[in-house]
Amino acid sequence: MASQILQSAPAEPAPGRHEQGPEEAARRDAEGQAYFDKVMAEDSRIEPRDWMPPAYRKTLLRQISQHAHSEIIGMQPEANWISRAPSLKRKAILMAKVQDEAGHGLYLYSAAETLGQPRDQMMADLIAGKARYSSIFNYPARTWADMGAIGWLVDGAAICNQVPLCRASYGPYGRAMVRICKEESFHQRQGFEILLELARGTAEQKQMAQDAVNRWYAPALMMFGPPDDDSPNSKQSMAWNIKRFGNDELRSRFVGMMVEQVKVLGLTLPDKDIRFNEDTRKWEHGPLDWDEFKDVLAGRGPCNAQRLERRREAHDDGAWVREAAAAYADKQRARQAAQQAEEIAA
(Lines give C-alpha, C1' and ligand atoms only; values in the text may rest on other atoms or scores of the structure.)
Protein backbone atom coordinates (compact mmCIF):
# COMPACT_ATOMS: atom_id res chain seq x y z
CA MET A 1 0.00 0.00 0.00
CA ALA A 2 2.77 2.42 0.91
CA SER A 3 4.50 1.80 -2.41
CA GLN A 4 1.26 2.64 -4.22
CA ILE A 5 1.10 5.93 -2.38
CA LEU A 6 4.72 6.87 -2.97
CA GLN A 7 5.15 5.72 -6.58
CA SER A 8 8.90 6.28 -6.31
CA ALA A 9 12.10 4.29 -6.45
CA PRO A 10 14.91 4.43 -3.85
CA ALA A 11 17.38 7.23 -4.27
CA GLU A 12 20.67 6.26 -5.86
CA PRO A 13 23.88 8.16 -6.49
CA ALA A 14 24.67 9.06 -10.07
CA PRO A 15 25.99 5.99 -11.96
CA GLY A 16 29.72 5.77 -11.94
CA ARG A 17 30.11 8.92 -9.89
CA HIS A 18 33.02 7.45 -7.96
CA GLU A 19 34.81 7.04 -11.29
CA GLN A 20 34.29 10.67 -12.39
CA GLY A 21 37.08 13.18 -12.41
CA PRO A 22 36.75 16.47 -10.54
CA GLU A 23 35.78 18.39 -13.69
CA GLU A 24 33.09 15.90 -14.71
CA ALA A 25 31.68 15.81 -11.17
CA ALA A 26 31.58 19.61 -11.06
CA ARG A 27 29.82 19.73 -14.43
CA ARG A 28 27.19 17.23 -13.30
CA ASP A 29 26.63 19.13 -10.06
CA ALA A 30 26.20 22.40 -11.97
CA GLU A 31 23.67 20.79 -14.30
CA GLY A 32 21.88 19.24 -11.35
CA GLN A 33 21.75 22.54 -9.47
CA ALA A 34 20.39 24.30 -12.54
CA TYR A 35 17.63 21.69 -12.89
CA PHE A 36 16.86 21.86 -9.16
CA ASP A 37 16.60 25.66 -9.27
CA LYS A 38 14.30 25.42 -12.29
CA VAL A 39 12.01 22.98 -10.45
CA MET A 40 11.86 25.28 -7.43
CA ALA A 41 11.11 28.32 -9.60
CA GLU A 42 8.32 26.46 -11.40
CA ASP A 43 6.91 25.19 -8.10
CA SER A 44 7.18 21.64 -9.43
CA ARG A 45 8.51 18.51 -7.76
CA ILE A 46 11.79 16.72 -7.16
CA GLU A 47 11.68 12.92 -7.39
CA PRO A 48 14.01 10.43 -5.67
CA ARG A 49 16.34 9.89 -8.65
CA ASP A 50 16.68 13.60 -9.39
CA TRP A 51 19.77 15.52 -8.38
CA MET A 52 19.26 17.46 -5.15
CA PRO A 53 21.56 19.53 -2.92
CA PRO A 54 22.89 17.61 0.09
CA ALA A 55 21.33 20.18 2.42
CA TYR A 56 17.89 19.66 0.80
CA ARG A 57 18.19 15.90 1.26
CA LYS A 58 19.30 16.36 4.88
CA THR A 59 16.39 18.70 5.63
CA LEU A 60 13.89 16.28 4.14
CA LEU A 61 15.30 13.36 6.09
CA ARG A 62 15.10 15.31 9.33
CA GLN A 63 11.54 16.48 8.73
CA ILE A 64 10.08 13.27 7.28
CA SER A 65 11.71 10.95 9.82
CA GLN A 66 10.58 13.16 12.72
CA HIS A 67 7.09 13.15 11.26
CA ALA A 68 7.15 9.35 11.01
CA HIS A 69 8.42 8.98 14.58
CA SER A 70 5.63 11.28 15.77
CA GLU A 71 2.99 9.07 14.21
CA ILE A 72 4.42 5.96 15.87
CA ILE A 73 4.95 7.50 19.31
CA GLY A 74 1.59 9.25 18.99
CA MET A 75 -0.17 5.89 19.09
CA GLN A 76 0.69 5.46 22.76
CA PRO A 77 -1.50 8.04 24.57
CA GLU A 78 -4.61 6.79 22.77
CA ALA A 79 -3.75 3.09 22.80
CA ASN A 80 -3.71 3.31 26.60
CA TRP A 81 -7.44 4.10 26.49
CA ILE A 82 -8.58 1.33 24.13
CA SER A 83 -9.28 -1.08 27.00
CA ARG A 84 -10.97 1.70 29.00
CA ALA A 85 -13.21 3.15 26.29
CA PRO A 86 -16.76 3.72 27.60
CA SER A 87 -18.49 1.57 24.96
CA LEU A 88 -17.81 -1.04 22.30
CA LYS A 89 -18.43 1.58 19.62
CA ARG A 90 -15.85 3.93 21.13
CA LYS A 91 -13.38 1.07 21.48
CA ALA A 92 -13.73 0.11 17.79
CA ILE A 93 -13.35 3.72 16.64
CA LEU A 94 -10.28 4.30 18.80
CA MET A 95 -8.67 1.05 17.60
CA ALA A 96 -9.21 2.11 14.00
CA LYS A 97 -7.66 5.49 14.70
CA VAL A 98 -4.56 3.99 16.32
CA GLN A 99 -4.21 1.66 13.33
CA ASP A 100 -4.39 4.68 11.02
CA GLU A 101 -1.53 6.32 12.89
CA ALA A 102 0.60 3.21 12.42
CA GLY A 103 -0.14 3.34 8.71
CA HIS A 104 0.86 7.00 8.57
CA GLY A 105 4.19 6.12 10.12
CA LEU A 106 4.76 3.44 7.49
CA TYR A 107 3.97 5.81 4.61
CA LEU A 108 6.42 8.36 5.98
CA TYR A 109 9.19 5.87 6.69
CA SER A 110 8.79 4.70 3.09
CA ALA A 111 9.12 8.30 1.88
CA ALA A 112 12.27 8.76 3.97
CA GLU A 113 13.74 5.54 2.58
CA THR A 114 13.59 7.00 -0.94
CA LEU A 115 16.23 9.47 0.28
CA GLY A 116 18.61 6.63 1.05
CA GLN A 117 18.03 6.26 4.81
CA PRO A 118 17.35 2.65 5.90
CA ARG A 119 14.26 2.23 8.05
CA ASP A 120 16.20 0.14 10.58
CA GLN A 121 18.55 3.06 11.14
CA MET A 122 15.69 5.51 11.66
CA MET A 123 14.10 3.20 14.20
CA ALA A 124 17.44 2.63 15.94
CA ASP A 125 17.91 6.40 16.26
CA LEU A 126 14.43 6.75 17.75
CA ILE A 127 14.73 4.08 20.43
CA ALA A 128 18.25 5.30 21.29
CA GLY A 129 16.84 8.77 21.97
CA LYS A 130 18.84 10.36 19.13
CA ALA A 131 15.82 11.32 17.02
CA ARG A 132 13.09 13.80 17.83
CA TYR A 133 9.34 13.58 17.49
CA SER A 134 6.50 16.01 18.17
CA SER A 135 6.58 17.44 21.69
CA ILE A 136 2.80 17.01 22.08
CA PHE A 137 3.05 13.26 22.64
CA ASN A 138 5.05 13.68 25.83
CA TYR A 139 1.99 14.80 27.80
CA PRO A 140 -0.25 12.35 29.71
CA ALA A 141 -3.81 11.46 28.67
CA ARG A 142 -5.54 11.48 32.06
CA THR A 143 -9.23 10.99 31.24
CA TRP A 144 -11.49 9.78 28.44
CA ALA A 145 -12.09 13.45 27.56
CA ASP A 146 -8.41 13.63 26.58
CA MET A 147 -9.26 11.37 23.63
CA GLY A 148 -11.60 14.11 22.47
CA ALA A 149 -9.12 16.92 23.11
CA ILE A 150 -6.35 15.04 21.29
CA GLY A 151 -8.61 14.44 18.31
CA TRP A 152 -9.98 17.97 18.16
CA LEU A 153 -6.91 20.03 19.11
CA VAL A 154 -3.89 17.85 18.30
CA ASP A 155 -5.22 16.32 15.09
CA GLY A 156 -6.74 19.68 14.19
CA ALA A 157 -3.31 21.31 14.51
CA ALA A 158 -1.83 18.46 12.48
CA ILE A 159 -4.31 19.04 9.67
CA CYS A 160 -3.62 22.78 9.65
CA ASN A 161 0.11 22.07 9.45
CA GLN A 162 0.02 19.13 7.07
CA VAL A 163 -2.49 20.07 4.37
CA PRO A 164 0.06 22.50 2.82
CA LEU A 165 2.59 19.64 2.86
CA CYS A 166 0.48 17.89 0.21
CA ARG A 167 2.15 20.40 -2.13
CA ALA A 168 5.67 19.74 -0.81
CA SER A 169 8.37 19.96 -3.43
CA TYR A 170 9.55 16.40 -2.74
CA GLY A 171 7.18 14.07 -4.58
CA PRO A 172 7.06 11.04 -2.24
CA TYR A 173 6.43 13.26 0.80
CA GLY A 174 3.64 15.23 -0.85
CA ARG A 175 1.89 12.12 -2.16
CA ALA A 176 2.05 10.40 1.22
CA MET A 177 0.53 13.47 2.86
CA VAL A 178 -2.57 13.35 0.66
CA ARG A 179 -3.67 10.03 2.16
CA ILE A 180 -2.62 11.02 5.67
CA CYS A 181 -4.56 14.30 5.66
CA LYS A 182 -7.76 12.59 4.51
CA GLU A 183 -7.58 10.22 7.47
CA GLU A 184 -6.60 12.95 9.92
CA SER A 185 -9.76 14.85 9.03
CA PHE A 186 -11.80 11.89 10.32
CA HIS A 187 -9.67 11.80 13.46
CA GLN A 188 -10.46 15.42 14.22
CA ARG A 189 -14.18 14.87 13.70
CA GLN A 190 -14.05 11.90 16.05
CA GLY A 191 -12.40 14.04 18.73
CA PHE A 192 -14.88 16.86 18.25
CA GLU A 193 -17.77 14.43 18.57
CA ILE A 194 -16.41 13.00 21.84
CA LEU A 195 -16.13 16.49 23.34
CA LEU A 196 -19.55 17.50 22.04
CA GLU A 197 -21.22 14.50 23.66
CA LEU A 198 -19.44 15.13 26.96
CA ALA A 199 -20.25 18.86 26.85
CA ARG A 200 -23.94 18.00 26.42
CA GLY A 201 -23.87 15.42 29.21
CA THR A 202 -23.81 15.90 32.96
CA ALA A 203 -22.12 18.83 34.67
CA GLU A 204 -19.27 16.51 35.65
CA GLN A 205 -18.82 15.32 32.06
CA LYS A 206 -18.78 18.87 30.74
CA GLN A 207 -16.18 19.86 33.32
CA MET A 208 -14.06 16.86 32.33
CA ALA A 209 -14.19 18.01 28.69
CA GLN A 210 -13.28 21.58 29.67
CA ASP A 211 -10.36 20.36 31.79
CA ALA A 212 -9.00 18.34 28.86
CA VAL A 213 -9.25 21.35 26.54
CA ASN A 214 -7.49 23.51 29.13
CA ARG A 215 -4.56 21.08 29.36
CA TRP A 216 -4.09 20.38 25.64
CA TYR A 217 -4.64 23.89 24.24
CA ALA A 218 -1.17 25.36 24.80
CA PRO A 219 0.78 22.20 23.83
CA ALA A 220 -1.32 22.04 20.64
CA LEU A 221 -0.34 25.62 19.74
CA MET A 222 3.32 24.80 20.35
CA MET A 223 3.05 21.86 17.92
CA PHE A 224 3.65 24.31 15.08
CA GLY A 225 7.14 24.95 16.37
CA PRO A 226 8.83 28.01 17.87
CA PRO A 227 8.16 31.54 16.61
CA ASP A 228 9.54 32.18 13.14
CA ASP A 229 12.31 34.39 14.53
CA ASP A 230 13.51 31.46 16.64
CA SER A 231 13.06 28.72 14.03
CA PRO A 232 16.34 28.03 12.21
CA ASN A 233 14.88 25.53 9.71
CA SER A 234 11.56 27.10 8.77
CA LYS A 235 12.80 29.82 6.42
CA GLN A 236 14.97 27.47 4.34
CA SER A 237 12.22 24.85 4.16
CA MET A 238 9.90 27.51 2.76
CA ALA A 239 12.52 28.61 0.22
CA TRP A 240 12.68 25.01 -1.00
CA ASN A 241 8.87 24.74 -1.12
CA ILE A 242 8.85 21.95 1.44
CA LYS A 243 6.82 24.11 3.80
CA ARG A 244 4.42 26.69 2.43
CA PHE A 245 3.79 28.85 5.49
CA GLY A 246 5.71 29.88 8.57
CA ASN A 247 5.01 28.57 12.07
CA ASP A 248 3.34 31.79 13.21
CA GLU A 249 1.04 31.97 10.19
CA LEU A 250 -0.13 28.38 10.69
CA ARG A 251 -0.61 28.92 14.42
CA SER A 252 -2.74 32.00 13.75
CA ARG A 253 -4.91 30.10 11.27
CA PHE A 254 -5.41 27.29 13.77
CA VAL A 255 -6.50 29.69 16.52
CA GLY A 256 -9.05 31.20 14.18
CA MET A 257 -10.49 27.76 13.45
CA MET A 258 -10.71 26.82 17.12
CA VAL A 259 -12.38 30.09 18.13
CA GLU A 260 -15.40 29.26 16.01
CA GLN A 261 -15.54 25.53 16.72
CA VAL A 262 -15.35 25.90 20.51
CA LYS A 263 -18.59 27.91 20.39
CA VAL A 264 -20.38 24.87 18.98
CA LEU A 265 -18.98 22.74 21.79
CA GLY A 266 -20.21 25.16 24.41
CA LEU A 267 -16.73 25.19 25.97
CA THR A 268 -14.06 27.89 26.19
CA LEU A 269 -10.43 28.19 25.20
CA PRO A 270 -8.12 28.92 28.17
CA ASP A 271 -6.74 32.08 26.59
CA LYS A 272 -8.17 35.49 27.54
CA ASP A 273 -5.82 37.22 25.09
CA ILE A 274 -7.25 35.73 21.89
CA ARG A 275 -8.28 38.47 19.49
CA PHE A 276 -8.52 39.23 15.80
CA ASN A 277 -6.07 41.94 14.76
CA GLU A 278 -7.89 44.16 12.28
CA ASP A 279 -4.63 45.68 11.07
CA THR A 280 -2.84 42.41 10.24
CA ARG A 281 -6.07 40.48 9.57
CA LYS A 282 -4.74 37.65 11.70
CA TRP A 283 -5.72 35.94 14.93
CA GLU A 284 -3.49 36.51 17.93
CA HIS A 285 -3.17 34.47 21.12
CA GLY A 286 -1.69 34.86 24.57
CA PRO A 287 1.94 34.08 25.48
CA LEU A 288 3.16 30.49 25.39
CA ASP A 289 5.71 28.86 27.69
CA TRP A 290 8.56 28.25 25.27
CA ASP A 291 10.86 27.21 28.10
CA GLU A 292 8.49 24.30 28.73
CA PHE A 293 8.55 23.52 25.00
CA LYS A 294 12.35 23.38 24.98
CA ASP A 295 12.42 21.22 28.11
CA VAL A 296 10.05 18.70 26.54
CA LEU A 297 12.11 18.61 23.34
CA ALA A 298 15.24 18.07 25.44
CA GLY A 299 13.67 14.98 27.01
CA ARG A 300 12.46 16.51 30.27
CA GLY A 301 8.72 16.38 29.60
CA PRO A 302 6.13 14.55 31.73
CA CYS A 303 6.20 11.37 29.63
CA ASN A 304 9.40 11.43 27.55
CA ALA A 305 11.07 8.54 29.35
CA GLN A 306 7.87 6.51 29.45
CA ARG A 307 7.19 6.93 25.73
CA LEU A 308 10.68 5.84 24.66
CA GLU A 309 10.78 2.93 27.10
CA ARG A 310 7.48 1.64 25.76
CA ARG A 311 8.76 1.99 22.19
CA ARG A 312 11.87 -0.02 23.07
CA GLU A 313 9.77 -2.74 24.69
CA ALA A 314 7.51 -2.95 21.65
CA HIS A 315 10.53 -3.11 19.34
CA ASP A 316 12.09 -5.93 21.35
CA ASP A 317 8.80 -7.81 21.65
CA GLY A 318 8.36 -7.64 17.89
CA ALA A 319 11.79 -9.05 17.07
CA TRP A 320 10.37 -12.52 16.34
CA VAL A 321 7.97 -11.04 13.78
CA ARG A 322 10.79 -9.28 11.92
CA GLU A 323 12.92 -12.43 12.04
CA ALA A 324 10.05 -14.57 10.73
CA ALA A 325 9.36 -12.12 7.91
CA ALA A 326 13.03 -12.05 6.95
CA ALA A 327 13.22 -15.86 7.00
CA TYR A 328 10.12 -16.09 4.81
CA ALA A 329 11.58 -13.57 2.35
CA ASP A 330 14.84 -15.55 2.19
CA LYS A 331 12.87 -18.75 1.56
CA GLN A 332 10.92 -17.13 -1.27
CA ARG A 333 14.09 -15.79 -2.89
CA ALA A 334 15.73 -19.21 -2.66
CA ARG A 335 12.66 -20.84 -4.21
CA GLN A 336 12.58 -18.34 -7.07
CA ALA A 337 16.31 -18.79 -7.68
CA ALA A 338 15.87 -22.58 -7.80
CA GLN A 339 13.00 -22.27 -10.27
CA GLN A 340 15.02 -19.97 -12.51
CA ALA A 341 17.95 -22.41 -12.39
CA GLU A 342 15.64 -25.27 -13.43
CA GLU A 343 14.23 -23.24 -16.30
CA ILE A 344 17.73 -22.41 -17.54
CA ALA A 345 18.84 -26.03 -17.26
CA ALA A 346 15.75 -27.15 -19.17
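1. A short note on the overall build of the protein chain
Alright, step 1. Along its length, the protein chain carries 14 helices and two strands.
Alright, step 2. Across its three principal axes, the protein chain shows a C-alpha extent of roughly 80 × 50 × 30 Å.
Alright, step 3. Considering the protein chain as a whole, with its 346 residues, one finds that 47% of them fall into the buried category.
Alright, step 4. For the protein chain, long-range pairs separated by at least 24 residues make up 77% of all intrachain contacts whose partners lie at least 6 apart in sequence.
Alright, step 5. Charge-centre separation for the protein chain: the mean point of 46 positive side chains lies 2 Å from the mean point of 49 negative side chains.

2. Considerations on unusual backbone geometry
Alright, step 1. Of note in this structure, Asp-43 is not a glycine but carries a positive phi near 55°.
Alright, step 2. Secondary-structure assignment places Asp-43 in the loop between helix H2 (22-41) and helix H3 (54-73).
Alright, step 3. By relative accessible area, Asp-43 is classed as partly exposed at 39%.
Alright, step 4. Unusually for a residue other than glycine, Arg-281 sits at a positive phi of about 60°.
Alright, step 5. With respect to the secondary-structure elements, Arg-281 resides in the loop between strand E1 (275-277) and strand E2 (282-284).

3. Things to note about helix H9 (residues 203-222)
Alright, step 1. A rise of 1.5 Å per residue sets the reference length of H9, with its 20 residues, at 28 Å; its end C-alpha atoms lie 30 Å apart and thus fit the reference within 8%.
Alright, step 2. Buried residues along H9 sit against helix H7 (145-162), helix H8 (171-199), helix H11 (247-265) and helix H12 (290-300).

4. Focus on the environment of Gln-99
Alright, step 1. Along the chain, Gln-99 turns up in helix H5 (residues 88-113).
Alright, step 2. Accessibility expressed as a relative area gives 57% for Gln-99, which makes it exposed.
Alright, step 3. Sequence spacing of Gln-99 and Asn-247 is 148 residues, and the spatial spacing of their C-alpha atoms is 28 Å.

5. Some thoughts on the environment of Arg-27
Alright, step 1. Structurally, Arg-27 can be placed in helix H2.
Alright, step 2. Under the relative-accessibility criterion, Arg-27 is labelled partly exposed at 37%.

6. Brief notes about the pattern of salt bridges
Alright, step 1. All chains considered together, the criterion is met by 26 salt bridges.
Alright, step 2. When the shortest N-O distance is used, the salt bridge between Glu-78 and Lys-97 registers 2.4 Å. A residue pair is termed long-range when its members are at least 10 positions apart, and Glu-78 in helix H4 (residues 75-79) and Lys-97 in helix H5 qualify at 19 residues. Each member of the pair Glu-78 and Lys-97 is classed as buried.
Alright, step 3. Where salt bridges share partners, they join Glu-24, Arg-27, Arg-28 and Glu-31 into one cluster.

Scoring rules and cut-offs
All residue numbers here refer to positions counted from 1 along the written sequence of the relevant chain. With pLDDT at 70 or above as the cut-off, local features in this predicted model cover only qualifying residues; side-chain atom pairs require 80 or more to be listed or tallied, and sums for whole chains, interfaces and linings still use all residues. With hydrogens and water stripped out, all remaining heavy atoms of the structure feed into the side-chain values. We count a stretch as a helix when DSSP gives it H or I for four or more residues in a row; a strand needs E for two or more, and each element gets its number in order from the N terminus. Residue exposure (1.4 Å probe, protein chains only): buried if accessible area is under 20% of the type maximum, exposed if over 50%, otherwise partly exposed. Contacts: residue pairs with any heavy atoms within 4.5 Å of one another. For the purpose of charge, His is not counted, nor are the chain termini; Lys and Arg are scored as positive and Asp and Glu as negative. Taken as the charge centre is NZ of Lys, CZ of Arg, CG of Asp or CD of Glu, depending on the residue. To estimate how far a helix should reach, multiply one less than its number of residues by 1.5 Å. Criterion for a salt bridge: a side-chain nitrogen of Lys or Arg within 4 Å of a carboxyl oxygen of Asp or Glu.

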